[in-house]
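Each chain, letter by letter, is given below.
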Number of protein chains: 2
Amino acid sequence: MSMHTVSLNKAYGGTQGVYRHASHETRTDMTFSVYVPPHAAGTRLPVVWYLSGLTCTHANVTEKGEFRSACAEFSLIFVAPDTSPRGEGVPGDPANAYDFGLGAGFYVDATQEPFARNYRMWSYVTEELPKLVAENFPVDASRQSILGHSMGGHGALTIALRHPDRYRSASAFAPIVAPSQVPWGIKALGGYLGDARQAWRKHDAVALIEDGARLSELLVDYGDADQFLTEQLRPELLQGACEKAKIPLTLRRQSGYDHSYYFISTFMADHLRWHAERLKG
Amino acid sequence: MSMHTVSLNKAYGGTQGVYRHASHETRTDMTFSVYVPPHAAGTRLPVVWYLSGLTCTHANVTEKGEFRSACAEFSLIFVAPDTSPRGEGVPGDPANAYDFGLGAGFYVDATQEPFARNYRMWSYVTEELPKLVAENFPVDASRQSILGHSMGGHGALTIALRHPDRYRSASAFAPIVAPSQVPWGIKALGGYLGDARQAWRKHDAVALIEDGARLSELLVDYGDADQFLTEQLRPELLQGACEKAKIPLTLRRQSGYDHSYYFISTFMADHLRWHAERLKG
């Protein structure tokens with residue numbers, strides 16, 4: 001698999017890169033960013049996967065996420081994929097809304113037309129991109145963690161729940177925890193996976209836990225001034241599911257914070273420290 | 001003087017705001033950002049002024065500058081003005097270039113037509129905006145520092161050199177140090193101030209030092225992979241002037257860094273720590 005370098009900038013002693021490659025999953029060119037912290041030649045480093053929210057590309061967190069300082073301190077590689085296929089011929093939301101189609105892949109492999117051909121973000125993020133990253137960066141594949149924001153928090157939780165042996169830890173900022181029960185998720189899962197709701201359960205963190213998926217622990221932050229909190233995010237549903245399943249969940253309500261990168265960047269170093277502790281050794 | 005709030009976001013325990021007001025200097029609406037760190041009610045805090053480079057608005061550093069963590073730690077208010085007047089009727093570069101006119105005010109009061117009416121960034125940044133900020137934020141006006149990037153480094157150095165009693169410290173990332181001697185500066189100072197080069201000397205850090213202006217010390221970082229280093233920035237000219245004038249200059253060549261916010265953000269906390277030490281008490 002080949003990729004090409006879009007940009008490289010030295011930052012915090014390491015290298016922030018942006019890369020593009022022809023994805024066989026999405027049948028489009030895909031862009032992603034990778035930060036490699038300063039390290040001794042020949043060392044292999046743990047990797048943290050960051051999944052972004054609605055409307056984002058790799059660029060939002062790369063520019064506003066304030067993760068490089070902590071990644072340099074804790075020697076973490078940080079990978080940020082795009083949130084959907086893009087480009088000529090890729091179908092979007094018929095009504096051009098922000099919450100479906102372009103920028104809103106929801107980390108599923110679509111089964112419905114006309115999306116099934118390109119919208120394969122599940123396989124892209126869990127299979128194709130990890131292979132590409134492992135081939136091209138000094139990654140220790142035995143030490144991986146995953147986190148995400150909003151729709152990307154949904155992605156991080158569902159991917160971790162279905163790959164408990166691959167990711168040592170999972171966390172989220174203001175995640176969608178039960179897409180089957182909230183408007184964003186109902187629209188997206190219905191649009192990509194069809195009306196048979198049984199198929200949605202593999203892409204719904206709360207349903208996965210109800211169905212027996214387990215993680216050793218979880219860290220979730222949300223802001224109580226988040227405009228999407230009560231309608232779309234509903235962290236109490238995750239709390240209830242984790243309590244029943246006895247999954248240790250650290251759920252922190254952050255007073256006065258909203259849904260933006262001002263919130264994410266404030267707690268980014270904290271999450272990365274938490275992951276770094278679990279990625280040791 | 002009144003202003004209105006464009007946006008407010010909680011970040012690192014404080015508040016990142018963006019504000020707009022009708023400027024009597026530029027005769028336009030002007031937008032700026034202010035970060036106020038967490039603080040006890042009634043406290044007045046030191047303030048750091050950040051002047052941005054060519055093409056920037058307040059938004060670049062606000063989103064990419066990674067200053068809030070350090071400002072919260074050191075209790076600094078951080079103000080980021082725009083780099084020029086903007087809006088209907090404001091003349092730009094006749095050739096629409098990025099290095100003159102909109103986004104390129106160069107922190108001077110223009111004397112040449114058609115720019116003299118609106119391009120009054122010197123008075124805006126040194127007089128009008130400080131008054132507005134002092135009226136609306138918990139600022140201790142006896143504790144101010146200034147820093148900037150590129151064209152904004154030029155602004156920070158010249159403003160500090162001409163107000164040695166107002167700013168306790170001044171620093172810059174990759175500043176233009178001698179605009180009279182480099183293409184960006186010759187175009188800008190000629191365009192705003194006319195061909196009589198004597199008038200340029202008050203807006204040229206190296207010339208100001210040659211003409212007797214003094215500062216107790218200076219901190220300047222630049223990257224040796226900066227694409228503008230040898231033609232536009234020429235830090236050696238500042239080094240020479242400071243040596244002759246016996247101004248203690250800490251000039252750091254940062255290996256592998258370029259002109260971008262990846263460079264600035266890497267060293268931002270370091271500069272803010274340096275300023276905070278000088279703003280104590």
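Residues numbered from 1 in each chain as written. Chains lettered and ligands numbered in written order. Predicted model: local features only at pLDDT ≥ 70, side-chain atom pairs only at ≥ 80, totals over all residues. Heavy atoms only, no water.

### Here we look at the pairing of strand β6 (residues 139-149) of chain B
Residue and element names in this part refer to chain B.
Inference 1: Burial analysis of β6 places 9 of its 11 residues in the buried class, which makes it a mostly covered element.
Inference 2: The pairing of strand β4 (residues 45-51) with β6 spans 6 bridges and is classified as parallel. Residue pairing for β6: Y50 is matched across the bridge by L147.
Inference 3: In this sheet, strand β7 (residues 167-173) lies alongside β6 in parallel orientation, the contact comprising 6 bridges. From the neighbouring strand, L147 faces β7, where its bridge partner is S171. (Buried < 20%, exposed > 50% of the residue type's maximum accessible area, 1.4 Å probe, protein only. Helix = DSSP H or I, 4+ residues; strand = E, 2+ residues; numbered from the N terminus. Pairing = 2+ DSSP bridges.)

### A few points about the relation of the copies chain A and chain B
Inference 1: The two copies are related by a screw operation: chain A maps onto chain B through 180° of rotation and 0.0 Å of translation along the axis, at an RMSD of 0.0 Å. When the rotation and shift are considered jointly, the pair of chain copies conforms to a two-fold rotation axis. When C-alpha distances to the rotation axis are compared across chain A, the minimum falls at A:K64, with a value of 2.8 Å.
Inference 2: By residue overlap, the copies meet face to face through one surface: 100% of the interface positions of chain A are interface positions in chain B. (Least-squares fit on C-alpha atoms with pLDDT ≥ 70 in both. Contact = heavy atoms within 4.5 Å.)

### A word on unusual backbone geometry
All names here are of chain A.
Inference 1: Across the junction of E113 and P114, the peptide omega takes the value 5°, indicating a cis bond.
Inference 2: Mapped onto the fold, P114 is located in the loop between β5 (77-81) and α3 (121-136).
Inference 3: For E66, which is not a glycine, the phi torsion comes out positive at approximately 55°.
Inference 4: By the element assignment, E66 lies in the loop between α1 (58-64) and α2 (68-74).

### Overview of the packing of α3(A) against helix α4 (residues 151-162) of chain A
Working note: a packed helix pair is described by the angle between its axes plus the distance between those axes.
Residues and elements named next belong to chain A.
Inference 1: Their axes nearest at 12 Å, the elements α3 and α4 cross at an angle of 60°. In terms of axis orientation, α3 runs oblique to α4. By crossing handedness, the relation of α3 to α4 is classed as right-handed. Counted together, W122, V125 and T126 of α3 and T158, I159 and R162 of α4 form the full contact between these two elements.
Inference 2: Class assignment of the residues belonging to the contact of α3 with α4 gives a composition of 3 nonpolar, 2 polar and 1 charged. (Axes fitted to C-alpha atoms, helices over the stretch in contact; angles between N-to-C directions. Parallel < 35°, antiparallel > 145°, perpendicular 65-115°, else oblique. Left-handed = near helix turned anticlockwise from the far one by under 90°. Nonpolar A, V, L, I, M, F, W, Y, C, P; charged D, E, K, R; others polar.)

### A closer look at the sheet that holds strand β2 (residues 14-22) of chain B
Residue and element names in this part refer to chain B.
Inference 1: Within the open sheet, the 9 strands sit side by side as β1-β2-β3-β5-β4-β6-β7-β8-β9. Their pairing is mixed. If you trace the sheet from one side to the other, it starts and ends with β1 (4-11) and β9 (249-254), each paired once. Across the sheet, the mean angle separating the axes of adjacent strands is 20° when strand polarity is ignored.
Inference 2: Looking at chain direction, β2 and strand β3 (residues 29-36) are connected through 8 bridges and run antiparallel.

### A look at the interface of chain A and chain B
Inference 1: The interface is formed by 21 residues belonging to chain A together with 21 residues belonging to chain B.
Inference 2: Taking both sides of the interface into account, the surface hidden between chain A and chain B amounts to around 1900 Å²; carbon and sulfur atoms contribute 45%.
Inference 3: The largest share of the area that chain A buries against chain B comes from A:K10, A:E66 and A:Y262, three residues that together contribute 38% of it.
Inference 4: For the interface between chain A and chain B, the tally reads 2 salt bridges.
Inference 5: As a salt-bridge pair, A:E66 and B:R68 come within 3.4 Å of each other at their nearest N and O atoms.
Inference 6: One can count 14 residue pairs in polar contact (both at pLDDT 80 or more) joining chain A with chain B.
Inference 7: Counting only elements with at least two residues in the side of chain A that touches chain B, the list comes to β1 (4-11), α1 and α9 (261-278) of chain A. (Buried area = accessible area lost by both parts, 1.4 Å probe. Salt bridge = Lys/Arg side-chain N within 4 Å of Asp/Glu carboxyl O. Polar contact = N/O pair within 3.5 Å; in protein donor to acceptor, adjacent residues only side chain to side chain.)

### Side note on the pattern of salt bridges
Inference 1: This structure, assessed with the given rule, holds 34 salt bridges over all chains.
Inference 2: We note a salt bridge from B:D140 to B:R143, for which the minimum N-O separation is 2.8 Å. A single burial state applies to B:D140 and to B:R143, both of which are buried.
Inference 3: Three or more residues joined by partner-sharing salt bridges are found here, namely A:D221, A:R252, A:D270 and A:R273.

### Let's talk about α4(A)
Residue and element names in this part refer to chain A.
Inference 1: Over its 12 residues, α4 runs 17 Å from end to end, which matches the ideal 16 Å to within 8%, given 1.5 Å per residue.
Inference 2: Most of α4 is tucked away: 11 of the 12 residues are buried.
Inference 3: Among the residues of α4, M151, G152, G153, H154, G155, A156, L157, T158, I159, A160 and L161 are the ones counted as buried. (Expected span 1.5 Å × (residues − 1).)

### A few points about the environment of A:H58
Residues and elements named next belong to chain A.
Inference 1: By the secondary structure assignment, H58 is in helix α1.
Inference 2: For the pair H58 and A80, spaced 22 residues apart in sequence, the C-alpha to C-alpha distance is 5.3 Å.
Inference 3: If near-sequence neighbours (up to four positions away) are discounted, H58 is found in contact with V18, T31, F32, S33, A80, P81 and D82.

### So, the sheet that holds strand β7 (residues 167-173) of chain A
Residues and elements named next belong to chain A.
Inference 1: As summarised here, the arrangement of the 9 strands in space is β1-β2-β3-β5-β4-β6-β7-β8-β9, forming an open sheet in which the pairing is mixed. Each having just a single partner strand, β1 and β9 (249-254) make up the two edges of the open sheet. Averaged over all adjacent pairs, the angle separating strand axes in this sheet is 20°, with direction ignored.
Inference 2: Sheet strands touched by α9: β4 (45-51), β5, β6 (139-149), β7, β8 (218-223) and β9. Its angle to β7, the strand with the most contacts, is close to 165°.

### Observations regarding the UniProt feature "active site" (unreviewed entry) in chain A
Residues and elements named next belong to chain A.
Inference 1: In this structure's numbering, the residues bearing the UniProt feature "active site" (unreviewed entry) are S150, D226 and H259. Spanning 110 residues, the named residues form one tight spatial group whose C-alpha atoms are at most 10.8 Å apart.
Inference 2: Its location among the elements puts S150 in the loop between β6 and α4.
Inference 3: With a relative accessible area of 2%, S150 lands in the buried category.
Inference 4: Within the secondary structure, D226 is located in the loop between β8 and α7 (229-233).
Inference 5: The residues contacting D226, other than those within four sequence positions of it, are A174, L233, Y257, D258 and H259. (UniProt positions renumbered as here; feature names shortened; annotations may be inferred.)

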